[in-house]
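For reference, the chains in residue letters:
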Number of protein chains: 2
Amino acid sequence: MKKMLLPVLIFFFPVCLLAQNKSAKQKPVSRPNIILFLVDDMGWMDTSLPFYDTIMPLNKRYHTPNMERLAKEGVKFTSAYAQPVCTPTRVSLLTGMNSSRTHVTNWTSPTKNNNSDARDDQFEPLNWNINGLSTDPATEHTVNATPFPKILKDAGYYTIHIGKAHWGSMGTPGSSPYNLGFMVDIAGHAAGHPQSYLSEQHYGNMPGKAQAQAVPDLEEYYDTGTFLTEALTLEAIKAIQTPIDRNEPFYLNMAHYAVHEPIMPDKRFVQKYYDAKIDSTEAKYASMLEGMDKSLGDIMDYLKKRDIDKNTIIIFMSDNGGFDLRGGKPNTHNTPLKAGKGSVYEGGIREPMIVKWPGITKAGSINKNQVIIDDFFPSILEMAGVKQPKILQKLDGQSFVPLLKKSSIVATERPLIFHYPNKWVNKPAIEHLGINYYSAILLGHWKLLYHMRNCQFELYNINNDIREENNLADKNPEEVKRLAVLLGKTLKERGAQMPVESSSGKQVPFPDELVK
Amino acid sequence: MKKMLLPVLIFFFPVCLLAQNKSAKQKPVSRPNIILFLVDDMGWMDTSLPFYDTIMPLNKRYHTPNMERLAKEGVKFTSAYAQPVCTPTRVSLLTGMNSSRTHVTNWTSPTKNNNSDARDDQFEPLNWNINGLSTDPATEHTVNATPFPKILKDAGYYTIHIGKAHWGSMGTPGSSPYNLGFMVDIAGHAAGHPQSYLSEQHYGNMPGKAQAQAVPDLEEYYDTGTFLTEALTLEAIKAIQTPIDRNEPFYLNMAHYAVHEPIMPDKRFVQKYYDAKIDSTEAKYASMLEGMDKSLGDIMDYLKKRDIDKNTIIIFMSDNGGFDLRGGKPNTHNTPLKAGKGSVYEGGIREPMIVKWPGITKAGSINKNQVIIDDFFPSILEMAGVKQPKILQKLDGQSFVPLLKKSSIVATERPLIFHYPNKWVNKPAIEHLGINYYSAILLGHWKLLYHMRNCQFELYNINNDIREENNLADKNPEEVKRLAVLLGKTLKERGAQMPVESSSGKQVPFPDELVK
């Protein structure tokens, strides 16, 4: 074949070379690179970039100039959602399925076959997919699906995971990003947080002290004073050099451990927060946020330096609401949103999200359409130009790419589901905050909460009551009915699980069954 | 450009497709894949494949059918050499420099800036490159060089490291294979052996017990009963799927932790060795060897299954001589070779080596030419078709590819240097076994040993005295002189280090200075 083409090619050769050189400089790959910058446990208010229409005190406390920069260059989504805790969101991200369908509704334990649900007097432990995501149908207690990184890899993308993984328990395939379609994995493990952010503590890997949370792969940063967030950034920049040098499109899953507990001071930034005389834990937390933001800036700078910024999509997202028991006054950390991580109130599920797609998104724009983590799977594949991939699962998400392409679109209303038939923490005093055994549905401005513990509904109009203070359930029985039916129907369609009462052995009724 | 070529390409399109399909099946890449199957601490006798011209008892004890199979399909090198311990060999492998030049003459501690030399009454601690190999000139106590995996990666190879790394101390770039040109690293760390081979012990990663030797990245095999060797094999097979699927040539550094201590039973094979009533440690060791051999077979089978075996080069090698204090009678484990790991006698440096290059090597042939680990760098680059790469270092090795292409070649004599100005173990009783403060030169059948402790020479004709029993130094002063001059000259040219006496502050004379 080569021989046959040779005479023709020789004729064009000088032109080819010229064209190649030019394109190598200006546009190294025709398909865009995609970076998902995923922060852990970051709340809607944990930034100097306001996502609410009023600037709040925390927006003034924190310094995230690079988020501001990204928003200025891209589009800010003010109604982006995820599930109330980590693994459910991460599994939905990789599979495009809602957690009501994956049955991964709580965080997975690093230990295999270990149900992380807290014990409860009323309900039996739920038989959810306690080992998380797996690509092998033979793995017990897992959801089987085709993760999008695998599809991207098969389509020629160089797929990189850096940082927190937490997709499956140790001893199952999902514990390793390599099994989920990533070609490079640095620092991912089966646990939900790092043992330490400090190089002096070897990120947890101290002889005799290492636990499942000890962060792997970062030996070269031990005792160098490098905060974990910075080490991951340096590794990410190193990792993307390969596809850039090789002129291949890449997908980078830049999944920071920050700003999850343990809250530790990032020395580069903490002093000014100490000086501000705020609560010391909050000062440390602020330094972690600023370190995370610097990571975003450093990556953006590197893209520019390599002249690929114009061909690289950046998506900024968090995996659940801000943890609101960290320091200072409890349950105020996401105000005006109610509650925080673990809750189906807005504070637990509403996320800071930004998308920059050079040439596509409108710089500095704001998009108020509702999107959910389930949408990332079809969106990212559409960005990469992958059409109708062969997948095992049924998708719940839908691509938000049309919203990027035309900023004026108002998307058709569709139900967003938040399903948590599990017990996150054994703290009865905070269950009224939307935590433990809740399901919720969002449809336009209406939001219905269903508390499985007592079969009660709450109804809010989040458009004029974002704080979820005025329960309209009694006033609007028809709306409750409509949403309860839709929630119940959707949950059943997806095969969702409900808790079972220990005393009676009966399953909690689906919400639609209560309003017939 | 695309537009200009389009009409021409369309014309050829159906033919192109046909040719592609055909080639994808028969010859997925034009450049060969290269697998280095590197075993740790494996001696010349640790196999049922005889490298000596007589079958020895240990050849009958061990079962390595896949090494036999590889030798049957390729060429067996019976005079292949490495350095007496691990890191010096591994650094020479990656850089093509002899350890006399790298100043990495002992094993690197996982802890940075920690000299692993044992204390000595006569000599000061040697100021060698105690942190190993680095690609960053700013890293203290390291040798700077361009590792060949980086060159292969830049040339379009997909470069994979699986298993033992041990190229540099924690906190330095060399601790991570990612910094040495590998695009994938699974299970590599800065230590010289695994904490455990057992999945039940999480390969060392038990809470509160993990040390620097705990093997990373294998969470999914915890508590599955998978022996470390098997886990690494499964990971290797998984890792090469990516380049195979993407039709890219790959380099696989399949670097087993086996058969280094801790000696642990591979349950799949150990019973028959227990039943043979041999020493129990030796039985376990035999099971580790057979597990290693199965790995080789499994990889060969997989290449065949994917129909790329005909385009894949396999190089089998060990990194130093067999450890001969493991079980049973000491210092007999490499017989007829004298001594073992740590020694410059043949038992410490002579290695089992096999090369299969389909279409190039002659099946079932034997090559008696001397080759050394320094030669792997230029050989592997030549195999990959890389010409005159830009490198930082001066090479000592020379390509053995001509020996593969023409099996009848008798190579020109050249000096091979083994330089160990360090103290490996604090056991004066075994220093007569060529261990601690020795240099040696091999030139054809002549071998000169230089003991720095007492400035004594030993001379052997290894062609008719492979056991190194008849010291001919007194009988052949001219030969001693010739070799001492050549050894001294070569060491000086390479800037080699010599120990310094504590009492006098004087450096041990180079060997040529003693025969003037």
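Please read these numbers as outputs of a predicted model, since none were measured by experiment.

K.L.:
How should I be thinking about the sheet that holds strand E13 (residues 438–443) of chain A in this particular structure?
P.N.:
Two orientations exist for strands paired in a sheet by backbone hydrogen bonds: parallel and antiparallel. Residue and element names in this part refer to chain A. Across the sheet, which stays open at both edges, the four strands sit in the order E12-E13-E14-E15 with antiparallel pairing between neighbours. Edge strands, defined here as strands with exactly one partner in the open sheet, are strand E12 (416–420) and strand E15 (456–461). Between one strand axis and the next, the sheet turns through 10° on average, direction left out of account. Direction of pairing for strand E14 (residues 446–451) relative to E15: antiparallel, over a ladder of six bridges.

K.L.:
What exactly am I supposed to notice about the pairing of strand E8 (residues 312–318) of chain B here?
P.N.:
Looking along a regular strand, one sees side chains alternate from face to face of the sheet. Residues and elements named next belong to chain B. In terms of burial, E8 is largely enclosed, as seven of its seven residues are buried. A two-sided burial pattern is seen for E8, the buried positions comprising Thr312, Ile314, Phe316 and Ser318 on one face and Ile313, Ile315 and Met317 on the other. Pairing between strand E1 (residues 33–39) and E8: seven bridges, direction parallel. Bridge assignment links leucine 36 to a residue of E8, and that residue is isoleucine 315.

K.L.:
Would you mind showing me how to read the packing of aromatic side chains here?
P.N.:
Ring pairs (aromatic) are described by centroid distance and by the angle formed between their planes. By the definition in use, this model includes 30 aromatic pairs over all chains. Ring centres 6.1 Å apart and planes at 50° place the aromatic pair tryptophan 44 of chain A and tyrosine 52 of chain A in the tilted group. By relative accessible area, tyrosine 52 of chain A is classed as buried at 19%. Plain terms: the ring middles of phenylalanine 148 of chain B and phenylalanine 377 of chain B are 6.1 Å apart, the flat faces sit at 90° to each other, and that makes the pair edge-to-face. Of this pair, phenylalanine 148 of chain B sits in helix H6 (residues 148–154) while phenylalanine 377 of chain B sits in helix H11 (residues 376–383), and the two are 229 residues apart along the sequence. For phenylalanine 148 of chain B, a relative accessible area of 0% puts it in the buried group. On the basis of relative accessible area, phenylalanine 377 of chain B is assigned to the buried category, the value being 1%. Members of the aromatic cluster, connected to one another through ring pairs, are Phe148, Trp167, Phe182, Tyr251 and Phe377 of chain A. The positively charged end of lysine 76 of chain A is found above the aromatic ring belonging to phenylalanine 51 of chain A, 5.8 Å away from the centroid.

K.L.:
Whenever I open this one, the sheet that holds strand E13 (residues 438–443) of chain B confuses me. Can you help?
P.N.:
All names here are of chain B. Spatial strand order, E12-E13-E14-E15: four strands in an open sheet with antiparallel pairing. Of all the strands in the sheet, the pair left with one neighbour each is strand E12 (416–420) and strand E15 (456–461). Direction aside, neighbouring strands of the sheet carry axes that sit 10° apart on average. Note that E12 and E13 share five bridges and pair antiparallel.

K.L.:
Sorry if this is basic, but what is going on with the pattern of salt bridges here?
P.N.:
Proximity of charged atoms lets side chains of opposite charge pair with each other. All names here are of chain A. Taken as a whole, this structure holds 72 salt bridges over all chains when the rule is applied. Lysine 267 is paired through a salt bridge with glutamate 200; the nearest N and O atoms lie 3.7 Å apart. Residue lysine 267 is located in the loop between strand E7 (250–255) and helix H8 (270–275), and its partner glutamate 200 is located in the loop between strand E6 (184–186) and helix H7 (228–246); the two are separated by 67 residues in the primary sequence. With a closest N to O distance of 2.5 Å, aspartate 375 and arginine 414 form a salt bridge. Taken together, the residues aspartate 375 in the loop between strand E11 (371–372) and helix H11 (376–383) and arginine 414 in the loop between helix H12 (401–405) and E12 connect sequence positions 39 residues apart. Aspartate 375 sits in the buried class, given a relative accessible area of 0%. Arginine 414 sits in the buried class, given a relative accessible area of 16%. Through salt bridges with shared partners, one network takes in Glu230, Asp266, Arg268, Lys294 and Asp298.

K.L.:
Teacher, can you tell me more about the domain arrangement of chain A here?
P.N.:
The extent of an interface is frequently quoted as the accessible surface area lost upon association of the parts. All names here are of chain A. When the domains of chain A are assigned, the result is domain 1 (33–405) and domain 2 (416–514). Just the C-alpha atoms count here: the centres of domain 1 and domain 2 sit 26 Å apart. Counting from both sides, the interface comprises 47 residues of domain 1 and, opposite them, 44 residues of domain 2. Interface area for domain 1 against domain 2, summed over the two sides, is near 4000 Å², with a carbon-plus-sulfur share of 54%. Sorting the residues of domain 1 by area buried against domain 2 places Phe123, Val344 and Tyr345 first, and these three jointly supply 18% of that buried surface. Between arginine 453 and aspartate 120 there is a salt bridge; the shortest N-O distance is 2.8 Å.

K.L.:
Just checking my understanding: could you explain the nonpolar core for this structure?
P.N.:
Nonpolar side chains tend toward joint burial in soluble globular proteins. Ranked by internal contacts, the top residues of the largest apolar core, which has 136 residues, are Leu218 and Phe316 of chain A together with Leu218 and Phe316 of chain B. Setting aside anything within four residues of it in sequence, one finds leucine 218 of chain B in contact with Ile186, Ala187, Tyr203, Leu228, Ala231, Leu232 and Glu235 of chain B.

K.L.:
I would appreciate a short explanation of unusual backbone geometry in the present structure.
P.N.:
In most cases, non-glycine residues show a negative phi, while peptide bonds are predominantly trans. The omega torsion of the bond from glutamate 261 of chain A to proline 262 of chain A falls at 0°, within 30 degrees of zero and hence cis. Take proline 262 of chain A: it is sitting in the loop between E7 and H8. The linkage connecting threonine 335 of chain B with the following residue, proline 336 of chain B, adopts the cis geometry, with an omega of 20°. Position of proline 336 of chain B among the secondary structure elements: in the loop between E8 and helix H10 (346–349). Phi is positive for aspartate 41 of chain A, close to 65°, though the residue is something other than glycine. By secondary structure assignment, the location of aspartate 41 of chain A is in the loop between strand E1 (33–39) and helix H2 (57–61).

K.L.:
Got a minute to help me understand the packing of helix H3 (residues 65–73) of chain A against helix H9 (residues 280–305) of chain A in this structure?
P.N.:
A packed helix pair is summarised by two numbers, namely the angle formed by the two axes and the spacing between the axes. Residue and element names in this part refer to chain A. Running from amino to carboxyl end, H3 crosses H9 at an angle of 50°, the nearest separation of the two axes being 7 Å. Accordingly, the angle class assigned to the pair H3 and H9 is oblique. Across from Pro65, Asn66, Met67, Arg69, Leu70 and Glu73 in H3, the residues of H9 making contact are Met292, Asp293, Lys294, Leu296, Gly297, Met300 and Asp301. Taken together, the residues that form the contact of H3 with H9 break down as six nonpolar, two polar and five charged.

K.L.:
Please clarify how helix H13 (residues 477–493) of chain B should be interpreted in this entry.
P.N.:
Think of an α-helix as turning once every 3.6 residues; residues three or four places apart then point the same way. All names here are of chain B. The end-to-end C-alpha distance of H13 is 24 Å, a good match for the 24 Å that 17 residues give at a rise of 1.5 Å each. Within H13 the residues assigned to the buried category are Glu479, Val480, Leu483, Ala484, Leu487, Gly488, Thr490 and Leu491. For H13, the angular spread of the buried residues around the axis is 165°, confining them to a single face. Opposite its buried face, H13 presents the exposed residues Glu478 and Glu493, each directed more than 90 degrees away.

K.L.:
Got a minute to help me understand H9 of chain A in this structure?
P.N.:
All names here are of chain A. Taking 1.5 Å as the rise per residue, H9 with 26 residues should run 38 Å; its terminal C-alpha atoms sit 37 Å apart, in good agreement. Among the residues of H9, the N-terminal cap falls to aspartate 279, whose side-chain oxygen and the backbone nitrogen of threonine 281 are separated by 2.9 Å. Aspartate 307 sits one or two positions beyond H9 and adopts a positive phi of about 60°.

Conventions and cut-offs
- Counting of residues starts from 1 at the beginning of each chain's written sequence and follows it residue by residue.
- A letter from A marks each chain and a number from 1 marks each ligand, given out in the order of writing.
- Selection of residues for local features in this predicted model requires a pLDDT of at least 70, selection of side-chain atom pairs for listing and counting requires 80 or more, and totals for whole chains, interfaces and linings are taken over all residues.
- Heavy atoms throughout the structure, all of them, feed into the side-chain values; hydrogens and water do not.
- Should DSSP find at least two bridges between two strands, the strands are regarded as paired.
- Per the convention used, a helix needs a DSSP run of H or I reaching at least four residues, while a strand needs a run of E reaching at least two, with both numbered from the N terminus.
- Inter-axis angles, ranging from 0 to 180 degrees, are taken between N-to-C directions of lines fitted to C-alpha atoms, where helices are fitted over the stretch in contact.
- Each residue is assigned to one of three classes by its accessible area relative to the maximum for its type, calculated with a 1.4 Å probe on protein chains only: buried under 20%, partly exposed between the two thresholds, exposed over 50%.
- Aromatic pairing here means that ring centres of Phe, Tyr or Trp (its six-membered ring) are within 6.5 Å. Orientation follows from the plane angle: under 30 degrees is stacked, over 60 is edge-to-face, and everything else is tilted.
- By definition, being over a ring means that NZ of Lys or CZ of Arg is both within 6 Å of the ring centre and within 35 degrees of the ring normal.
- By definition here, a salt bridge exists when the distance from a side-chain nitrogen of Lys or Arg to a carboxyl oxygen of Asp or Glu is within 4 Å.
- Where each domain begins and ends follows an automated or database-derived domain assignment.
- The contact rule is simple, with two residues in contact once any of their heavy atoms fall within 4.5 Å.
- Buried area is a sum: the accessible area each of two parts loses on coming together, probed at 1.4 Å, counted once for each and added.
- In plain words, nonpolar cores are sets of buried Ala, Val, Leu, Ile, Met, Phe, Trp, Tyr and Cys residues tied together by side-chain atoms within 4.5 Å.
- For classification purposes, an angle smaller than 35 degrees is called roughly parallel, one larger than 145 roughly antiparallel, one from 65 to 115 roughly perpendicular, and anything else oblique.
- Amino acids outside the nonpolar list (Ala, Val, Leu, Ile, Met, Phe, Trp, Tyr, Cys, Pro) and the charged list (Asp, Glu, Lys, Arg) are all regarded as polar, and Gly is one of them.
- To estimate how far a helix should reach, multiply one less than its number of residues by 1.5 Å.
- The arc under discussion is defined with respect to the helix axis, by the directions toward the C-beta atoms.
- Any pair of N or O atoms that falls within 3.5 Å is considered a polar contact. Within protein, one atom must be able to donate a hydrogen and the other to accept it, and sequence-neighbouring residues count only if both atoms are side-chain atoms.

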